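Working through the structure, step by step
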Amino acid sequence: QLVESGGGLVQTGDSLRLSCVVSGRTFNNYAMGWFRQAPGKEREFAAAITRSGETTYYGDPVKGRFTISRDNAKNTVYLQMNSLKPEDTAIYYCALYYSGNYYYTKLGAVHYWGQGTQVTVSS
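About the cut-offs
- Residues numbered from 1 in each chain as written.
- Predicted model: local features only at pLDDT ≥ 70, side-chain atom pairs only at ≥ 80, totals over all residues.
- Heavy atoms only, no water.
- Phe/Tyr/Trp six-rings, centres within 6.5 Å; stacked < 30°, edge-to-face > 60°.
- Helix = DSSP H or I, 4+ residues; strand = E, 2+ residues; numbered from the N terminus.
- Buried < 20%, exposed > 50% of the residue type's maximum accessible area, 1.4 Å probe, protein only.
- Lys NZ or Arg CZ within 6 Å of the ring centre and 35° of its normal.

Structural notes on the packing of aromatic side chains
The geometry of an aromatic ring pair is captured by two quantities: the separation of the ring centres and the angle between the planes. Scanning the model with the defined rule gives six aromatic pairs in all. With a centroid separation of 6.3 Å and 80 degrees between ring planes, the pair formed by Tyr-93 and Trp-113 is classed as edge-to-face. In this pair, Tyr-93 sits in strand β9 (residues 90-97) while Trp-113 sits in strand β10 (residues 110-113), placing the two residues 20 residues apart along the sequence. Taking relative accessible area as the criterion, Tyr-93 reaches 11% and is therefore assigned buried. A ring pair is formed by Tyr-97 and Tyr-104, whose centres lie 5.1 Å apart and whose planes are at 80 degrees; its orientation type is edge-to-face. Among the aromatic residues, those joined into a ring-pair cluster are Phe-35, Phe-45, Tyr-57, Tyr-93, Tyr-97, Tyr-104 and Trp-113. Stacked on the ring of Tyr-93, the Lys or Arg Arg-43 has its end atom at 3.6 Å from the ring centre. Of note, Arg-43 hangs over the ring of Trp-113, and the distance from its end group to the ring centre comes to 4.6 Å.

Note that all results are geometric; they support no functional claim without further evidence.
Structure representation (structure tokens):
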């Protein structure tokens, strides 16, 4: 089970930190990621982190503004979002990847999804 929290309504330029707690799995066996889906658009890759946390990947729209991290002792992955823009408005989904997968940007690489948390950025 993946449970996200931390979404909300903010203004342009503000920051938010999303959290995703994972249960029922050996957390440090899996790469983790965040995807997002804006109204009327397809779900898109935002960020991913390897099992150890040593390597991170980002989608172009969030690169330089968002930071993904994980705490394996707490079974939690985070997404720190800075300099938020109205175009960041979306439902953000936590993702647990299939073991051994390296195609972090692909929807088909995700084994389990969280329920999503809404982020709304007003202009």
